[in-house]
Amino acid sequence: MPTVEDLRHPTAVAEPNRGYPPTIESDPMLVKQMHRFGITSDVLQVLGFASIFASIATWRTAKESGDAAHAERFGIFIGLWAPTFFALAGEVAVHEAAENELPSK
């Protein structure tokens with residue numbers, strides 16, 4: 001894992017807009033906002049798994065209501081939230097790791 005000095009070295013900085021190696025300055029605004037509100041990568045991972053279970057529960061309960069096609073579509077819609085939460089969890093985890101390597105003031 002690169003250290004803070006590696007990230008600050010001019011040759012270690014990748015091309016603009018590529019985001020690697022990750023630094024606090026190169027994080028997307030959404031990741032910065034989530035960090036500011038205290039949303040950690042652990043919270044986002046829990047939300048990802050919760051959306052999987054919510055998708056299954058929604059599909060089963062809506063299926064029993066009689067409209068199987070609607071139940072299937074709604075279950076898939078909720079199930080699509082999981083990859084989004086997991087992707088955001090990964091980005092926030094990178095931000096957290098980069099922040100933990102900064103020297104304390």
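No experiment lies behind these values; they were computed from the predicted model shown. Position labels on residues start from 1 in each chain and follow its written sequence. Only residues with pLDDT of at least 70 get local features here, since the model is predicted, and only at 80 or more are side-chain atom pairs given and counted; chain-wide, interface and lining totals rely on the full set of residues. Only heavy atoms go into the side-chain values, all of them from the structure, while hydrogens and water stay out.

Some thoughts on the side chain of Ser51
For step 1, the next point in the chain: Each helix is a run of H or I in the DSSP string that is no shorter than four residues. Each strand is a run of E no shorter than two, and both are numbered from the N terminus. Tracing the chain through its elements places Ser51 in helix 3 (residues 41-64).
For step 2, the next point in the chain: Here's how the labels work: a residue is buried when its accessible area is under 20% of the maximum for its type, exposed when over 50%, partly exposed in between, all with a 1.4 Å probe on protein chains only. Note on Ser51: relative accessible area 3%, which makes it buried.
For step 3, the next point in the chain: With near-sequence residues (within four places) excluded, Ser51 lies in contact with Ile78, Trp81, Ala82 and Phe85. Residues are treated as being in contact if the distance between any of their heavy atoms lies within 4.5 Å.

Points about the packing of helix 4 (residues 68-79) against helix 5 (residues 81-100)
For step 1, the next point in the chain: All axes here are fitted lines through C-alpha atoms, helices being fitted over the stretch that makes contact, and every angle between N-to-C directions spans 0 to 180 degrees. Where helix 4 contacts helix 5, the axes come no closer than 5 Å and their chain directions differ by 0°. Overall, the two elements helix 4 and helix 5 adopt an arrangement that is roughly parallel. In contact with Phe77, Ile78 and Gly79 of helix 4, helix 5 contributes Trp81, Ala82 and Pro83.
For step 2, the next point in the chain: Each residue receives one of three labels: charged for Asp, Glu, Lys and Arg, nonpolar for Ala, Val, Leu, Ile, Met, Phe, Trp, Tyr, Cys and Pro, and polar for the others, Gly being one of them. Of the residues assigned to the contact of helix 4 with helix 5, the class counts are five nonpolar, one polar and no charged. Here the word oblique covers every angle except those under 35 degrees (roughly parallel), over 145 (roughly antiparallel) and from 65 to 115 (roughly perpendicular).

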